[in-house]
Amino acid sequence: MTIINNDIIERCRCGDHAAFRTVVQAYQPMVFTLAFRLLCDEDDAKDMVQETMIRVWVSFASFNPRQSLRNWIYTIAIRLCYDRLKQKAPLETLPDEEEFFGLYIADNDTEMELENHELLAVIRTLVSRLSPRQRIVFTLVHLENLGTEEVAQITGMDATKIKSNLYVARKTIREQLKQFGYG
Amino acid sequence: MDKMDETTRRLAAQQPTLSDPDALTDSIMAHLPMQTRPRGQQFMRAVRWVSSVAAVGLLVLFVSQSHDLIQRPDDVDYGQTLHQLRSEDTQLSDDLPPREALRKYVELKRSRTNISDIKRHFSL
C-alpha cells in the first residue's frame, strides 16, 4: 500500500486532484473490503467506495493531520455503511448459500481461496441475524482485526457498548452455527 | 479454538477481489465536486480579507497625508513670508538663508510666547 505522507495530505487539503488520486488508490481496497463485508453486496460495496471517497474529498479541509487518515476514512465509510444498512431490508439467505456455508465450515482447509460470490454466501449466512450495529462491531473486531479502542474511535461508541454489541453478535453467530451442527 | 473463532479467522484472512480498480479510481476522480471549507476557516478567511483591505486603506491614507505634509512647505512663498517676518522682527538679519531665517523666527516666536504666557499667568 502506498504510504500517504503529510505532503500528500496537505496537497489534498489544498484541492490537488493528483494527490487525491494517490489517496484513492491507497484506500479504495480497504473501503471496498469493509463495505463488501458489511453490506454483503459487491455493487453496493463499489458504490460505497465512490460515496466514501467523494465524502473524504469534500471534507478534506476539516481533516486534522495529527489524526490517523486510515481511521478517519474508516469513520466516514462506517457512517455511510450504517445509514445504508438501516435503509436496506434485512438479509435473507438463499438455500444454496446456506448449503455452501455448511460445506465451508465443514472444510478445514484454511488455504481455500473463495470467489467473491462464495465469500458473500458465507458472510451473509454468518451475519444475517445481526442488527446493523452488531454487524459493524463484529466486522471491525473480528474481520478487520481492530482493537476496542480503535473501534470506539471509529464508531463513536463507548467500550461498554462495543462489548455488549460484540457479546450479542457472538452469541447469535454461535446459535447460527448450532443449526449447522457446530455447538 | 471453537468453530466460530476458526470461521471468523479464516474469513478475516480472505479479501474480496476488486475487479478493475483503475476504472473505479477514474470514476471517483471524474465525480469529484468542489471542496468545502469548514465554517471556522471561512470566517477566518473573511476576517483576514477585511483586515488586509483595511490595512491597505490605512497605508494609502497615511502615504497621501504624509505627501501633503511634505509638499506643504514648498507651497510657502518664502520670499514674501520672510519679508513680512523681517519687517516684524529686527532679530532676523538679512544674511540668514530663508529656511534658517524661518526656523529662527519660529524659535523666537515660541520663546516670546512662553515669556508672555508666564507674565500673564503671574499677572506681571
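Let us look at the structure shown here. (Residues numbered from 1 in each chain as written. Chains lettered and ligands numbered in written order. Predicted model: local features only at pLDDT ≥ 70, side-chain atom pairs only at ≥ 80, totals over all residues. Heavy atoms only, no water.)

**Section: the layout of surface pockets**
Counted only if it meets this: Residues are said to line a cavity or pocket when one of their atoms sits within 4 Å of a point; the points come from a 1 Å grid over protein atoms alone, cavities being sets where a 1.4 Å probe fits but cannot get out and pockets being open sets with protein on both sides within 12 Å along at least five of seven lines. Grid points are joined across faces, edges and corners, and a volume is the space filled by probe spheres set on the points. We count a stretch as a helix when DSSP gives it H or I for four or more residues in a row; a strand needs E for two or more, and each element gets its number in order from the N terminus. By the convention adopted, Pro, Cys, Tyr, Trp, Phe, Met, Ile, Leu, Val and Ala count as nonpolar, Lys, Arg, Asp and Glu as charged, and the other residues, Gly among them, as polar.
In this structure, the largest pocket occupies an estimated 160 Å³ of space. Lining of the largest pocket is provided by Y104(A), D109(A), T110(A), E111(A), M112(A), E113(A), R9(B), R10(B), A13(B), Q14(B) and Q15(B). The element contributing the most residues to the lining of the largest pocket is helix α1 (residues 3–13) of chain B, with three residues. Here the lining of the largest pocket is composed, by residue class, of three nonpolar, three polar and five charged.

**Some remarks on the interface of chain A and chain B**
Test applied: Throughout, a contact is declared for two residues whenever any of their heavy atoms are within 4.5 Å. Buried area: the accessible surface (1.4 Å probe) lost by two parts on joining, summed over both. Salt bridge, as applied in this entry: a Lys or Arg side-chain nitrogen positioned within 4 Å of an Asp or Glu carboxyl oxygen. N or O atoms closer than or at 3.5 Å make up a polar contact, with two conditions inside protein: a donor-capable atom paired with an acceptor-capable one, and, for residues adjacent in sequence, both atoms drawn from side chains.
Each partner contributes to the interface: chain A provides 48 residues, whereas chain B provides 33 residues. Both sides of the chain A and chain B interface together cover about 3,700 Å² of buried area, and 58% of this is carbon and sulfur. Linking chain A to chain B there are three salt bridges. A salt bridge links D26(B) to R21(A); the shortest N-O distance between them is 3.0 Å. Inspection of the region where chain A meets chain B yields 19 residue pairs in polar contact (both at pLDDT 80 or more).

**Notes on the packing of aromatic side chains**
Threshold: Between 30 and 60 degrees the pair is tilted, below 30 it is stacked and above 60 it is edge-to-face, where a pair is any two Phe, Tyr or Trp rings, Trp via its six-membered ring, whose centres lie within 6.5 Å. Buried, partly exposed and exposed residues are distinguished by accessible area as a fraction of the type maximum, computed with a 1.4 Å probe on protein chains only: under 20%, between the cut-offs, and over 50%, respectively. Each ring is checked for a lysine NZ or an arginine CZ that lies within 6 Å of its centre and within 35 degrees of its normal; such an atom marks a charge sitting over the ring.
Within the structure shown, the criterion is met by seven aromatic pairs over all chains. Between F20(A) and F60(A), the aromatic rings sit 6.2 Å apart at their centres with planes inclined by 85°, giving edge-to-face as the arrangement. Taken as a pair, F20(A) in helix α2 (residues 17–39) and F60(A) in the loop between α3 (42–58) and α4 (69–87) lie far apart in primary sequence, 40 residues in all. With a relative accessible area of 0%, F60(A) lands in the buried category. Aromatic pair F32(A) and F36(A): ring centres 5.8 Å apart, planes at 50°, arrangement tilted. Of this pair, F32(A) and F36(A) both sit in helix α2, separated by four residues, roughly a single helical turn. When the ring centre of Y104(A) is taken as origin, the NZ or CZ atom of R10(B), which lies over that ring, is 4.1 Å away.

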